[in-house]
Amino acid sequence: MSDEFYRIKRMPPYVIAEVNAMRHAARQAGRDIIDLGMGNPDQPPPQHVIDKLCEVAAKPTAHGYSQSKGIPGLRKAQANYYGRRFNVDLDPEREVVVTMGSKEGLSSMATAISAPGDVILAPSPAYPIHTYGFIIAGATIRSVPTTPDERYWKALDNAMAYTVPRPTVLVVNYPSNPTAETVDLAFYERLVAWARENKVWILSDLAYSELYYDGKPTRSILEVPGAKDVAVEFTSMSKTFSMAGWRIGFCVGNPELVAALTRVKSYLDYGAFTPIQAAACAALNGPQDVVEENRLRYQSRRDVMVESFTRAGWPIPNPPASMFTWAELPPGFEDMGSLEFSKQLLEHAGVAVAAGVGFGEEGEGFVRIAMVENEQRIRQAARNVKRFLAEHARG
């Protein structure tokens, strides 16, 4: 028997898991670890959402198989959200499918539309599913920059001119995980025009649609006239409503891509538990003040983190969106490498962060720091970091 399975051979060890294992071991040993590594919301969902889950779960008829594409009410609720938020009209039947989080949706889409030998354009650094969803499906990745400047457009044009076979899909993710970079509507307008000219599908990951700061809302690619001809967009309930473990997301937009994803999902799953889908309806259709409260909470944490870490001797950028900051290794630690630095920070400061190299080769030299602890804990993390930097700085 051989353990050299085709897809497993194409997947390196999950780098982020190394630090996660160290964090778990430290906590098992009784150590207090401030976890700024995983993007796991620390707040509960709104109470009315939990109440709806309990109400529907109490019904004897709610426990059978659900609809793989999502119950009609939830698809309609998501279409209404796009209408309110982005002024985008969506057909709940043809242009919306419910996924088990955006991660599952992206991976199932990769299975649906790519074949061994296909070339996919994906950002680097990137959230791992943006590349490995396609690698698992047998496709090949050609990386493009994450920063949306002129180098980005040059990379796209070079990819189309010099790649054989020509790329068929482009993945975009703004606000970016991990870099927190954002784009404006002009960027999406140029991107849609490029995709039309080059006959490339666009998969837009908008998981952090509602975590924007300083009064600058994120934009959707579907706001561009004609975008639905070439693009779909993935969103998630995880961050907006603190429902990460509930695993509810959406893919909306181009009917052909939505149909392909729906068909693959019909073979792979029976859809999310119906009471969870009903609760997701309550979240989307109910009071939206909770979304603003969530946004202001993360913005306050961001401000505390940037101020306290910078004062501790580690200048970190001020992210315009998402629940992360993407920070270069602090002065004096640049040669250590992001994975070793993350391990040392966990061991000696009790602070967990995500090593940048886990997001691709271009992530080396950075770490991703999540704003998932309260302000008091963030300030404590900064004090621990200050002590660590002083004790372990290299001459």
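Rules used throughout
- Residues numbered from 1 in each chain as written.
- Predicted model: local features only at pLDDT ≥ 70, side-chain atom pairs only at ≥ 80, totals over all residues.
- Heavy atoms only, no water.
- Phe/Tyr/Trp six-rings, centres within 6.5 Å; stacked < 30°, edge-to-face > 60°.
- Helix = DSSP H or I, 4+ residues; strand = E, 2+ residues; numbered from the N terminus.
- Buried < 20%, exposed > 50% of the residue type's maximum accessible area, 1.4 Å probe, protein only.
- Pairing = 2+ DSSP bridges.
- Axes fitted to C-alpha atoms, helices over the stretch in contact; angles between N-to-C directions.
- Contact = heavy atoms within 4.5 Å.
- Core = buried A, V, L, I, M, F, W, Y, C linked by side-chain atoms within 4.5 Å.
- Domains from an automatic or database assignment.
- Buried area = accessible area lost by both parts, 1.4 Å probe.
- Salt bridge = Lys/Arg side-chain N within 4 Å of Asp/Glu carboxyl O.
- Polar contact = N/O pair within 3.5 Å; in protein donor to acceptor, adjacent residues only side chain to side chain.
- Nonpolar A, V, L, I, M, F, W, Y, C, P; charged D, E, K, R; others polar.

### So, the packing of aromatic side chains
Turning to step 1, where the next piece is worked out: According to the stated counting rule, one finds 17 aromatic pairs in the structure shown.
Turning to step 2, where the next piece is worked out: When the ring of Tyr-82 is compared with that of Phe-86, the centres are 5.1 Å apart and the planes differ by 45 degrees; the resulting orientation is tilted. One end of the pair is Tyr-82 and the other is Phe-86, both in helix H4 (residues 72-86) and four residues apart, which spans about a single turn.
Turning to step 3, where the next piece is worked out: The class for Tyr-82 is buried, based on a relative accessible area of 0%.

### So, the sheet that holds strand E3 (residues 119-124)
Turning to step 1, where the next piece is worked out: Read from one edge to the other, the open sheet built from seven strands follows the order E2-E8-E7-E6-E5-E3-E4, with strand pairing classed as mixed. In the strand order of this sheet, the two ends are held by strand E2 (96-99) and strand E4 (140-145), each with one partner. Each neighbouring strand pair of the sheet contributes to a mean axis angle of 20 degrees, computed without reference to strand direction.
Turning to step 2, where the next piece is worked out: Seen against the sheet, helix H8 (residues 185-198) touches E3, strand E5 (169-173) and strand E6 (201-205) and runs at an angle of roughly 150 degrees to E6.
Turning to step 3, where the next piece is worked out: Of the strands in this sheet, E2, E6, strand E7 (231-236) and strand E8 (249-253) touch helix H9 (residues 255-268), which is tilted by about 40 degrees from E2.

### Digging into the sheet that holds strand E9 (residues 324-328)
Turning to step 1, where the next piece is worked out: Pairing is antiparallel in the open sheet, where three strands are placed in the order E9-E12-E11. Because the sheet does not close on itself, it has two edges, and the strands there are E9 and strand E11 (354-355).
Turning to step 2, where the next piece is worked out: As paired strands, E11 and strand E12 (residues 366-370) are joined by two bridges and run antiparallel to one another. Within E12, the residue paired with Ala-354 across the bridge is Arg-368.

### Considering the nonpolar core
Turning to step 1, where the next piece is worked out: Counting 57 residues, the largest nonpolar core has Tyr-152, Leu-170 and Leu-191 as its most contacted members.
Turning to step 2, where the next piece is worked out: Not counting residues up to four positions away in its chain, the partners in contact with Leu-170 are Leu-121, Val-144, Tyr-152, Leu-156, Leu-191, Trp-194, Val-200, Trp-201, Ile-202 and Leu-203.
Turning to step 3, where the next piece is worked out: Counting residues in hydrophobic clusters, the runner-up holds 35 residues, among them Met-305, Ala-327, Val-351 and Val-385.

### Notes on the side chain of Thr-131
Turning to step 1, where the next piece is worked out: Considering the arrangement of structural elements, one finds Thr-131 in helix H6 (residues 129-136).
Turning to step 2, where the next piece is worked out: Apart from residues lying up to four places away in sequence, Thr-131 is in contact with Ala-122, Pro-123 and Ile-141.

### Considering the domain arrangement of the protein
Turning to step 1, where the next piece is worked out: One can read the domain layout of the protein as domain 1 (6-44 + 289-393) and domain 2 (47-286).
Turning to step 2, where the next piece is worked out: Placing a centre on the C-alpha atoms of domain 1 and another on those of domain 2 gives a separation of 26 Å.
Turning to step 3, where the next piece is worked out: At the boundary of domain 1 with domain 2, total buried surface from both sides reaches about 2800 Å², with 60% on carbon and sulfur atoms.
Turning to step 4, where the next piece is worked out: Across the pair Arg-295 and Glu-210 runs a salt bridge whose closest N-O atoms are separated by 3.0 Å.
Turning to step 5, where the next piece is worked out: Applying the counting criterion to the domain 1 and domain 2 interface returns 12 residue pairs in polar contact (both at pLDDT 80 or more).
Turning to step 6, where the next piece is worked out: For the side of domain 1 that touches domain 2, the elements supplying multiple residues, two or more each, are helix H1 (6-9), helix H11 (289-311) and E9.
Turning to step 7, where the next piece is worked out: In terms of residue count, H11 provides more of the side of domain 1 that touches domain 2 than any other element does, seven residues in total.
Turning to step 8, where the next piece is worked out: Of the residues contributing to the side of domain 1 that touches domain 2, the split by class is 17 nonpolar, nine polar and seven charged.

### Observations concerning the environment of Gly-332
Turning to step 1, where the next piece is worked out: Tracing the backbone through its elements, the reader meets Gly-332 in the loop between E9 and helix H12 (338-349).
Turning to step 2, where the next piece is worked out: Sequence-wise, Gly-332 and Ile-276 are 56 residues apart; in three dimensions their C-alpha atoms are separated by 48 Å.

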